[in-house]
Amino acid sequence: MKNLRDVTPMMKALTAAVLGITVLAAQAAAPLAKLTTPGFARVMVGDFEVTPLNDGTADLPMVDLLHNDKDRTQAALNKAHLGSPTTTSTNAFLINTGSKLVLVDTGAGTLFGPTLGKLVDNLKASGYRPEQVDDILITHFHPDHVGGLMADTKVAFPNATVHADRRDADYWLDAARMAKAPKDVAGFFQGAQVSLTPYIKAGKFKAFDRNGEVVPGISSYASYGHTAGHTSYVVESKGKKMVVVGDLIHVAAVQFDHPGVTIGFDSDPRQAAAARAAVFGKIAREGDLVAAAHLQFPGIGYIAENGKSWTWTPANYTLRP
């Protein structure tokens, strides 16, 4: 056995080596990655594959936008660990029916600032290409739902036919109405017209004026109020259903507990609140899956009735189809 005199130099050398490794580790610290994972997910509805696509997030002044007591709104946001302005997702949903590739809404494109407009990149990351999309179903003509139809000055989905409720098309594509609109709303008209006109000129736009099947397995369901022709879509396969509710809800932390609270973007707040109550009631009774444009990505879950309010349960995450 070595005596203490022999051990001491060894301990000193080991200590020096450890200190050297510590310094090296500090010098090699990894920089912050900053980027999140690609904004897509998967869920099956019967035999249909649904891919939620995130277009990005925007910070919105929900305390001011919601028609609610501001202190009460702020308290609800605080309880949900949300700030003000509130980071808000914009989601779209790609549905592969087996025979068609159908996109519900297109995100904002370049119409809503640099933090949005990520949909096409995320669509590609999910394994699809824009030219594969056969049909696009628009919930309504606000810029964060139609802006992604264009990529700069070119159509983003060259082989797709766009479908929307005639009431929304007649409202937002009316040049005379745009000319009379307040300045803060005129941009919404302009965005809709720039986004839709190339598809209309190419004969790639179809308006519908009643509830019913738009493409096989996907039906329109009128939920007017947020806009004149705001539409939800019911996706159904093998007895399973998912309802894409568009902008029937914007802030989960407030509007599930207080469903009468509306938002400044609603064209007709009273009608919008009534549509939310009617559609949510139907969904809750039937136990359908829900897909929402502005709930935290991927915006998919279930709604249950809780007295005069609603309970939201996010869908369980799985890697299996």
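This is a predicted model, so every value here is computed, not measured.

Colleague: I keep staring at the overall build of the protein and nothing clicks. Help me out?
Modeller: Within the protein, the regular secondary structure consists of 10 helices and 16 strands. Considering only C-alpha atoms, the protein reaches an extent of 95 × 45 × 45 Å along its principal axes. Buried positions account for 46% of the 321 residues belonging to the protein. At a minimum sequence separation of 6, the contacts of the protein that also span at least 24 residues come to 68%. Looking at the protein as shown, the accessible area adds up to about 16,700 Å², and 56% of this sits on carbon and sulfur atoms. If you average the places of the 31 positive and of the 30 negative side-chain charges in the protein, the two averages end up 5 Å apart.

Colleague: Before we go on, may I ask you to explain the sheet that holds strand S10 (residues 212–215) in this structure?
Modeller: Think of a sheet as strands paired side by side through backbone hydrogen bonds, with each pair either parallel or antiparallel. Strand order in the open sheet formed by seven strands is S10-S11-S12-S13-S14-S15-S16, and the pairing between neighbours is mixed. If you trace the sheet from one side to the other, it starts and ends with S10 and strand S16 (309–314), each paired once. Ignoring which end each strand starts from, the neighbouring axes of this sheet average 35° apart. Here strand S12 (residues 231–237) pairs with strand S13 (residues 240–244) via five bridges, running antiparallel. Along S13, the bridge assignment pairs Val234 with Val243.

Colleague: What exactly am I supposed to notice about the packing of aromatic side chains here?
Modeller: One pass over the structure, following the stated rule, counts eight aromatic pairs. Residues Tyr171 and Trp172 carry aromatic rings whose centres are separated by 4.9 Å and whose planes lie at 75° to one another, so their mutual orientation is edge-to-face. A residue is classified by how much of its surface remains accessible, and Tyr171, at 29% relative accessible area, is partly exposed. For Trp172, a relative accessible area of 3% gives the class buried. Members of the aromatic cluster, joined through ring pairs, are Tyr171, Trp172, Phe188 and Phe189. In this arrangement the basic side chain of Lys282 is found over the ring face of Tyr221, its NZ or CZ atom lying 5.7 Å from the centre.

Colleague: Can you help me understand the layout of surface pockets in this one?
Modeller: Empty space among the atoms becomes apparent when a probe as large as a water molecule is rolled across them. Approximately 790 Å³ is the volume found for the largest pocket. Considering the residues around the largest pocket, the lining is formed by 32 residues, among which Arg42, Val43, Met44, Asn316 and Thr318 are closest to the centre. With three residues, strand S1 (residues 43–45) is the largest single contributor of residues to the lining of the largest pocket. The residue makeup of the lining of the largest pocket, split by class, is 19 nonpolar, six polar and seven charged. Its boundaries defined by the atoms lining it, the second largest pocket holds a volume of some 310 Å³. Lining of the second largest pocket is provided by 13 residues; of these, Thr36, Thr37, Pro38, Gly39 and Asn122 occupy positions nearest its centre. Among the secondary structure elements, those contributing two or more residues to the lining of the second largest pocket are strand S2 (48–60) and helix H4 (119–125).

Rules used throughout
The written sequence of each chain sets the order in which its residues are numbered from 1. Per-residue local features of the predicted model are confined to residues with pLDDT of at least 70, and side-chain atom pairs are confined, for both listing and counting, to 80 or more; whole-chain, interface and lining totals are unaffected and use all residues. Excluding hydrogens and water, the side-chain figures rest on all heavy atoms present in the structure. Only DSSP runs of H or I covering at least 4 residues are called helices, and only runs of E covering at least 2 are called strands; the numbering of each starts at the N terminus. Under the scheme applied here, a residue whose accessible area is under 20% of the maximum for its type counts as buried, over 50% as exposed, and between as partly exposed, the area being computed with a 1.4 Å probe on protein chains only. For this analysis, residues touch if any pair of their heavy atoms sits within 4.5 Å. Only the protein chains shown count as cover for residues, and all accessible areas are computed by the Shrake-Rupley method using a 1.4 Å probe. When charges are counted, Lys and Arg contribute as positive and Asp and Glu as negative, whereas His and the chain ends are disregarded. Charge positions are represented by NZ for Lys, CZ for Arg, CG for Asp and CD for Glu. At least two DSSP bridges between two strands are required for those strands to pair. Axis definition: a line fit to C-alpha positions, over the contact stretch in the case of helices; interaxial angles, taken between N-to-C directions, run 0 to 180 degrees. Only the six-membered ring of Trp is used, alongside the rings of Phe and Tyr, when aromatic pairs are assigned; centres must lie within 6.5 Å, and planes under 30 degrees apart are stacked while those over 60 apart are edge-to-face, with the rest tilted. Think of it as a cone above the ring: NZ of Lys or CZ of Arg counts as a charge over the ring if it is within 6 Å of the ring centre and within 35 degrees of the ring normal. Grid points spaced at 1 Å over the protein atoms alone were grouped into cavities, where a 1.4 Å probe fits but cannot get out, and pockets, open sets with protein on both sides within 12 Å along at least five of seven lines, with lining residues defined by an atom within 4 Å of a point. Grid points are joined across faces, edges and corners, and a volume is the space filled by probe spheres set on the points. Polarity classes work like this: nonpolar for Ala, Val, Leu, Ile, Met, Phe, Trp, Tyr, Cys and Pro, charged for Asp, Glu, Lys and Arg, and polar for all others, with Gly in that last group.

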